[in-house]
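Overview (structure and organization)
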Amino acid sequence: MGKINLHESVGNEQHRTISVITEDRPGRGQNSPIIEEKIWKKIQYFSFFELLKDIFLPAGYPHTVSKDYINYQIWDTVQAFASGLSGALAARAVLEGVGVGDQTASVLGATITWLLKDGTGMVGRITFAWWKGTSLDSDCKRWRLYADIFNDLSFMVDLLAPFFKPHTLPIFCFSSLLRSIVGVAGGATRMALTQHQSIANNMADVSAKDGSQETLVNLAALICNLIIVHLVQDRQLSWILFFLFVLGHLYANYRAVKVVVMSSLNETRFRLLYDEYLAHHQIGSLDAINAAEPVLLPARRRLRITYRMTNEALSTTSWPALSVCSTTRTSASSLPAGTASSSFFATTRRSAFSSKRSSSSNTSKLR
């Protein structure tokens with residue numbers, strides 16, 4: 001018998017066959033059903049994952065999103081699932097608080113409680129947007145984490161309502177106030193992160209696919225909630241499960257915001273950038289500064305720095321906000337040779353830098 005060669009022939013887009021051809025019969029192949037079946041299953045396998053990719057990931061992934069996209073979405077999926085589980089336990093407590101299952105509760109009383117709760121939330125949304133709206137963009141990672149902390153706190157307040165039935169109205173109003181902060185801060189920071197992730201003018205696509213991912217996670221959490229609510233009737237066990245879900249939710253949120261690598265400068269990142277330059281005479285990289293950025297404690301309100309950076313440091317930095325700044329050489333005797341003199345005004349409201357020429361020192365003010 002002659003040498004056996006493997007030959008692959010492609011039919012339509014979804015069907016492939018492999019023919020075994022011997023040297024004495026090069027023009028006539030014999031199809032192997034076993035090999036053909038394996039190839040068919042392999043193609044189906046890859047087609048299934050390609051379909052999932054088209055449904056839940058932005059078009060052109062990973063080239064149309066930021067490099068931290070997939071890591072953030074993984075942790076964001078985990079936190080959304082944990083939040084959905086803890087939310088079901090809180091929802092049951094809310095229904096008990098308004099009188100569901102209580103023969104002495106009136107429909108009018110439950111309606112008034114619900115309306116006042118919603119009204120408090122509406123006032124809270126307007127007030128919080130006026131108070132902190134301008135800082136949600138520059139400190140989106142911090143407020144993203146704060147929003148989920150307030151969300152868990154509101155769930156905890158709802159769980160306390162059945163223990164204080166005479167005071168359910170103020171309890172539910174306070175819970176609604178916390179949830180209003182969650183709505184404003186969570187929605188605004190989500191849009192800021194979506195803008196960061198969409199690097200190919202595809203913000204709508206990234207936002208839509210994020211919604212699809214969240215819907216799928218909520219559906220999975222809904223199925224689990226049907227089992228949990230049916231099996232868990234003891235309040236002590238409900239509290240144990242709630243704290244476990246909250247711990248998982250907060251940990252996943254912390255990991256999610258820590259993997260985000262923002263290319264814009266806010267007050268905290270600029271402070272770290274400046275400290276790095278003073279210590280090592282070089283501008284820190286995007287990854288290093290973002291990893292060192294704290295996401296729990298806010299920065300001081302006002303910062304005034306006098307600094308000098310070399311032309312080489314400004315030209316080799318990976319920060320877009322610094323690389324586009326114009327630099328001018330000065331003949332002042334106080335500056336060493338090769339030192340660039342620029343005056344930068346940074347504002348955390350827009351997370352950007354504007355520069356103006358100066359002949360003396362460099363001054364940066366963060367408001």
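This one's a predicted model, so the numbers in the text were calculated from it and none came from an experiment.

1. Description of the overall build of the protein
The number of helices and strands found in the protein is 11 helices and nine strands. Put simply, 70% of the contacts in the protein that link residues at least 6 apart link residues at least 24 apart. Accessible surface, the protein as shown: approximately 21,000 Å² in total, 62% of it carbon and sulfur.

2. Some words on the nonpolar core
Counting 14 residues, the largest nonpolar core has Leu-85, Leu-89, Leu-159, Ile-228, Leu-241, Phe-242 and Phe-245 as the members making the most contacts within it. Of all the secondary structure elements, the ones that give two or more residues to this core are α2 (69-97), α4 (140-160), α6 (203-231) and α7 (235-258). By residue number, the principal contributor to this core is α7, which donates five residues. Sequence-distant contacts of Leu-241, that is, excluding residues within four places in its chain, are made with Leu-89, Ile-228 and Val-232. Counting eight residues, the second-largest nonpolar core is a separate cluster that includes Leu-136, Tyr-146, Ala-147 and Ile-181.

3. Concerning the confidence of the model for the protein
Residues at a pLDDT of 70 or more form 66% of the protein, whose mean pLDDT is 76. Low pLDDT (under 50) marks residues 1-21, which in the prediction has 41 contacts with non-local residues, meaning those over four places away or in another chain. Low pLDDT, under 50, characterises residues 26-37; the predicted model gives this stretch 14 contacts beyond four residues in sequence or across chains.

4. Describing the environment of Leu-273
Counting through the fold element by element, Leu-273 comes out in helix α8 (residues 267-280). The class for Leu-273 is buried, based on a relative accessible area of 0%. Once the C-alpha coordinates of Leu-273 and Ala-288 are considered, the two residues, 15 residues apart in sequence, prove to be 9.4 Å apart.

5. A few points about a nonpolar patch on the surface
A contiguous nonpolar surface patch, about 720 Å² in accessible area, is contributed by Leu-216, Leu-219, Leu-222, Ile-223, Leu-226, Ile-227 and Leu-231. Turning to its location among the elements, Leu-222 is positioned in helix α6. In this structure Leu-222 comes out as partly exposed when scored by relative accessible area, which is 47%.

Cut-offs used in this document
- Residues numbered from 1 in each chain as written.
- Predicted model: local features only at pLDDT ≥ 70, side-chain atom pairs only at ≥ 80, totals over all residues.
- Heavy atoms only, no water.
- Helix = DSSP H or I, 4+ residues; strand = E, 2+ residues; numbered from the N terminus.
- Contact = heavy atoms within 4.5 Å.
- Areas by Shrake-Rupley, 256 points an atom, 1.4 Å probe, with all protein chains shown as cover.
- Core = buried A, V, L, I, M, F, W, Y, C linked by side-chain atoms within 4.5 Å.
- Buried < 20%, exposed > 50% of the residue type's maximum accessible area, 1.4 Å probe, protein only.
- pLDDT = per-residue confidence, 0-100.
- Patch = residues over 30% accessible without salt bridge, like charges linked within 9 Å, V, L, I, M, F, W, Y side chains within 5 Å.
- Salt bridge = Lys/Arg side-chain N within 4 Å of Asp/Glu carboxyl O.

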